[in-house]
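Notes for the structure review
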Amino acid sequence: EHFALRMMNESGDKNNIQEIIGAGYRLMMYKNIDAGKLKALQTLYTTSLQRFKEGKNKMLQLVGEKSEHATPELAALIVVANAMLNLDDLITKS
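What comes next concerns the included structure. (Residues numbered from 1 in each chain as written. Predicted model: local features only at pLDDT ≥ 70, side-chain atom pairs only at ≥ 80, totals over all residues. Heavy atoms only, no water.)

**Some details on the side chain of S48**
Examined against the element boundaries, S48 turns out to sit in helix α3 (residues 35-54). Given a relative accessible area of 4%, S48 falls into the buried group. Among the polar contacts made by the side chain of S48, one reaches the main-chain carbonyl oxygen of L44 at a distance of 2.8 Å. Residues contacting S48, with those up to four places away along its chain left out, are A76 and V79. (Helix = DSSP H or I, 4+ residues; strand = E, 2+ residues; numbered from the N terminus. Buried < 20%, exposed > 50% of the residue type's maximum accessible area, 1.4 Å probe, protein only. Polar contact = N/O pair within 3.5 Å; in protein donor to acceptor, adjacent residues only side chain to side chain. Contact = heavy atoms within 4.5 Å.)

Put into structure tokens, the structure is as follows:
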């Protein structure tokens, strides 16, 4: 949750998922994200967002019922942030 919130805070536009994902990638890798990875992560966000909008219980399990930030958008961004933290780019970064 913390990294997802930081991605939102570091982005120039908190309503633009491309900006948010790009900001998160720059925080991790110190470079801009390429178009292919951005598209894949944006698709993951869109799919996750739809799933969390349809199933509030799934969203609450991920974000936590007591979280003041418990929204489907944050839950979807957490999924994206977790995926980003598992990218080969980060794991093999020297």
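**Structural notes on the layout of surface pockets**
In this structure, the largest pocket spans a volume of roughly 160 Å³. Around the largest pocket, the lining residues are M8, K14, N15, N16, I17, I20, Y45, T71, E73, L74 and L77. Only α2 (17-29) and α5 (72-85) provide two or more residues apiece to the lining of the largest pocket. It is α5 that provides the largest number of residues to the lining of the largest pocket, a total of 3 residues. Here the residues of the lining of the largest pocket are counted per class, giving 6 nonpolar, 3 polar and 2 charged. (1 Å grid on protein atoms, 1.4 Å probe; cavity = no way out; pocket = protein on both sides within 12 Å on 5 of 7 lines; lining within 4 Å. Points joined across faces, edges and corners; volume = space filled by probe spheres on them. Nonpolar A, V, L, I, M, F, W, Y, C, P; charged D, E, K, R; others polar.)

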